[in-house]
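Each chain is listed here by its residues.
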Amino acid sequence: MTCASCAARVEKRLGKLDGVTASVNYATEKAKVTFPAELDPQELVQQVEAAGYTAELPKPPSEPAAEGAGEAADDPTRSLRNRLIVSTVLSVPVIVLAMVPALQFTYWQWISLVLAAPVVVWGALPFHRAAWANLRHGTATMDTLISMGTTAALLWSLYALLFGSAGVPGMTHPFELTIQRMSGDGNIYLEVAAGVTMFILAGRYFEARSKRRAGAALRALLELGAKDVAVLRDGREVRVPTEQLAVGDRFVVRPGEKIATDGVVEEGTSAVDASMLTGESVPVEVRAGDAVVGATVNAGGRLVVRATRVGSDTQLAQMAELVEDAQNGKAAVQRLADRISAVFVPIVIALAFAALGFWLGSGSGVAAAFTAAVAVLIIACPCALGLATPTALLVGTGRGAQMGILIKGPEVLESTRRIDTIVLDKTGTVTSGQMSLVAVHTADGVDEQEVLRLAGAAENASEHPIAKAIAQGAAGRVGELPAVEGFTNVEGLGVQGVVDGHAVLVGRPALLEQWSQPLTEELSAAQRAAEQQGRTAVAVAWDGAPRAVLEVADTVKPTSAEAIAGLRELGLKPVLLTGDNETVARTVAAEVGIDEVIAEVLPQDKVDVVKRLQAEGKVVAMAGDGVNDAAALAQADLGLAMGTGTDVAIEASDLTLVRGDLRAAVDAIRLSRRTLGTIKGNLFWAFAYNVLALPLAAAGLLNPMLAGAAMAFSSVFVVGNSLRLRRFRSTIAAEPLPSTEGEGAALTAAHRG
C-alpha cells in the first residue's frame, strides 16, 4: 500500500464478502478481519490480491521465522533506500547539466538521457505501479501525478531528441527567462523527470523508515518476559526455557528475578514490584496463596510459584494483544499531498486534453498542440511537492531531537492539531515513579538526625524497595550510615537489629506492638494522616520506646504543575488516569492542578477510558511511561511516552519525551503544530507556483528555462520555509539532555526536573 486510500480500497474489497468486516491500518500494514467460521482465510488473501495488492496470513507467535528470512522482511525500507541511492547518483549530474549552460558539452543531452532513463523507469517504478492500481480503481493520488509527470517528461524528451532538433550536436538550453510560443521539439525535460523522482523517493524513504517502528511495540512487549525459569522437578531445580512451562509446574523465583508466568505463591514471602504492569507505585507484599503476574520483578525473598496461566493466556500476552488491537484500530491519517492530488490530478488531465483539443482545432499543427498538452503535464509535477513534507519533517524532527522530543512520522503531526484532551498516567509521568522518604515525625525530645541514622542503618541491610527508599533518604540527609549487627528480616512486618548499641525496630506498627512498644497517640495520628494521603507510614522504635513515624511516597515531579498549566494554555483538558488508589490519585491531582481523576484502573481499562473519551467526540492525547500504558498510548489519537519509561511504552507512542520532564509535552505539541503548519504552507506554494505556470503551458508559451527557474525557485522557497523551524524555542530553560547510554542518566535527569 502506498497511501491511506489504498488501505480504504482493501477494506472495501474485504467488506464485500458475506459476513466479513475488516479494519485495515496503513501505518502497521495489517488488517484485522472478522469472518464466518465456514470461510477459508485464504479467500481473504485472494480478495486482497484481486484488488491489486499482496497479503499473507499472520504466523503463530510460536512458529520460528525462516533462517535469515527476516532481514528483508524486517527492513522493508531496504529496497526504497537502494532506489534512492542509485537515483540520487544518476540524477544530480542531469540536474546540474540542465541548470548550468556553461557545462553543456557536445552530446550532453544524450548523456543526460542515459542517466535519467533508469531513474524514471526503475527508480520511479513504485509510483508507476501505484498509478496503475489507482487507474484500475478510478482514483488519483500523488503517485498518479508523479507517474504522469515523470513519464510525460521522459517521453517528450525522447521525442525531441530522436525526431526534433534537441538531439543535434552542440544543442544547449540557454538561460533565458522569456515567454514565447514554440514547437517544443527542441526542449528536453530530463532534469524534471529525474529530479522529481529523486526528491519524492527521499520523502517516501524517510516516511517508511518511521513507519517501520509500528510493530516494534509488540516485539518489545513480548521480550519483557523472563527467558528461562528454574522449574522444580523431583525436588531439584532445572532451568528450562519459559515456553516449556506448563500449567501446574512449580518454579523458583529468586530476589531480583522476573516471575516467569502468571501463578500462585506456594512458599515464601516477598515484595513484588508490579509498577511496570499495573502502575501501582508501592511494591505489593505477597505470601503463600497470593496471585502473581508474569514479567513482574521479585524485589525481596525467595518464592516458589505454581504456574496457573502460560503462553497466550498470560496477562502480558493479553496486553500485547491489546496493543496490537489499538494499533490496528487507530485511524490512519491520509497524506495531505494525496488529498490535494485527488482534486488537482483530474483538473490537470482535463486541462492537458483541453489544450490539445484547442490547438488541434485552431490549426496550429500537431507538434504545437502536443507541446502544449505535454507541457501542462510536466509543469504539474513539481520538485517542490516532493520536498514539501520531508524537508519540514526533517528540520522539525531535528529541532525536536535537540530539545529531547522524538517525532515518529508525518501522520503524528496532524493528530497534534486536533487534540483537545490529554490523559496523563500518574506513576512515572506526573510523579517520579520511585519511592522516596518525604517526611519524618518524631516523638517529643527525639532528634530527627538520630532517627534517620539508626532507622536508615537498619533498613540499609534490607532488599525491600521501601527499605531502600528510607536508607537512601537517610544517607542523603545524615551522610554515611553505621553498620547493623544481628539483622533480622521479620516477614511481612519489617526489620530489627542492633545499631551503635541500640536495639532498633523499623516496620509496621504491628512489629512494635509485638515487642510491647506501641506508637504514642501523637505518632498514631501522624501514621493515620500519612495513610489518608495514600502514603506508606513506617514506624521506628529503639531501646524499648517508639521514636518516630517515617512517610514514604512516590513524589510529584517539581515541573509537573508548570507542565499542566502549559497544556491548559494550548487548549487541552488534563485527565489523571492511574492504577493507584483514589486517595493517592486525588492528592497528586490537587498538587498539580488537575480536576478530573480516574483511579484504580487495570491496563485494559485504560484502553477503555481512552475509547470512551473518543466516543464522546474528544480527540485524545495520552502521556505515559509503563507497560500498562502501552495499549492506551497506541489507542490514543496521539501517544506521548516519557523517555525514562519502558521500551514498550516508547515503541507504542507517537512522540517520545527524552527528558522525562512533562513540560517537554507542551513543547512537543507546539513544535508538532508548527511543523504541520509549515508542511501545509510548503504544499500550498508547491502547488501555487505550478498552478500559476499552467496557463503559460496550456498556451504553448512555456520556455524550458522558465519552467526550470520556477521549479528551482519553488524548491528553494520550500527549503527556506522549512529551515525557519530551526528557530523554534523551548519553554524549558536549556539543560543538557540525558545520555542515551544508560537508564541511570535518564533517571537522574528526571529527578533533577
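For the structure itself, look to the data block above.
Residues numbered from 1 in each chain as written. Predicted model: local features only at pLDDT ≥ 70, side-chain atom pairs only at ≥ 80, totals over all residues. Heavy atoms only, no water.

Asks: Go over the sheet that holds strand β8 (residues 284-286) with me, naming the residues and quoting the values.
Replies: Pairing in this open sheet of three strands is antiparallel, and the strands run β8-β7-β10 from one edge to the other. Looking along the sheet, the strands with just one partner apiece sit at the ends: β8 and β10 (297-298). Taken together, the three bridges between strand β7 (residues 270-273) and β8 define a ladder with antiparallel strand orientation. Residue pairing in the sheet places valine 272 in a bridge with valine 284 of β8. (Pairing = 2+ DSSP bridges. Helix = DSSP H or I, 4+ residues; strand = E, 2+ residues; numbered from the N terminus.)

Asks: Tell me what's going on with the nonpolar core, and back it up with residues and numbers.
Replies: Within the largest apolar cluster, 48 residues are counted, with the highest numbers of intra-cluster contacts made by Leu424, Leu576, Leu638, Leu640, Leu655, Leu657 and Leu662. Looking at this core element by element, the count peaks at nine residues for helix α26 (residues 663-698). Setting aside residues up to four positions removed in sequence, leucine 662 forms contacts with Leu424, Thr429, Val430, Thr559, Ala563, Ile564, Ala623 and Met642. Leu437, Ala530, Ala541 and Leu550 belong to the second largest nonpolar core, which has 38 residues in total. (Core = buried A, V, L, I, M, F, W, Y, C linked by side-chain atoms within 4.5 Å. Buried < 20%, exposed > 50% of the residue type's maximum accessible area, 1.4 Å probe, protein only. Contact = heavy atoms within 4.5 Å.)

Asks: So what about unusual backbone geometry? Which residues, and what values?
Replies: Phi angles above zero are rare outside glycine, and aspartate 234 is one such case at about 55°. When you line up the elements, aspartate 234 lands in the loop between β3 (228-233) and β4 (236-241). The exposed category is assigned to aspartate 234, whose relative accessible area is 81%. A positive phi angle, close to 55°, is found at serine 516, a residue other than glycine. Mapped onto the elements of the fold, serine 516 is located in the loop between α19 (509-514) and α20 (521-532). Judged by its relative accessible area of 61%, serine 516 falls in the exposed class.

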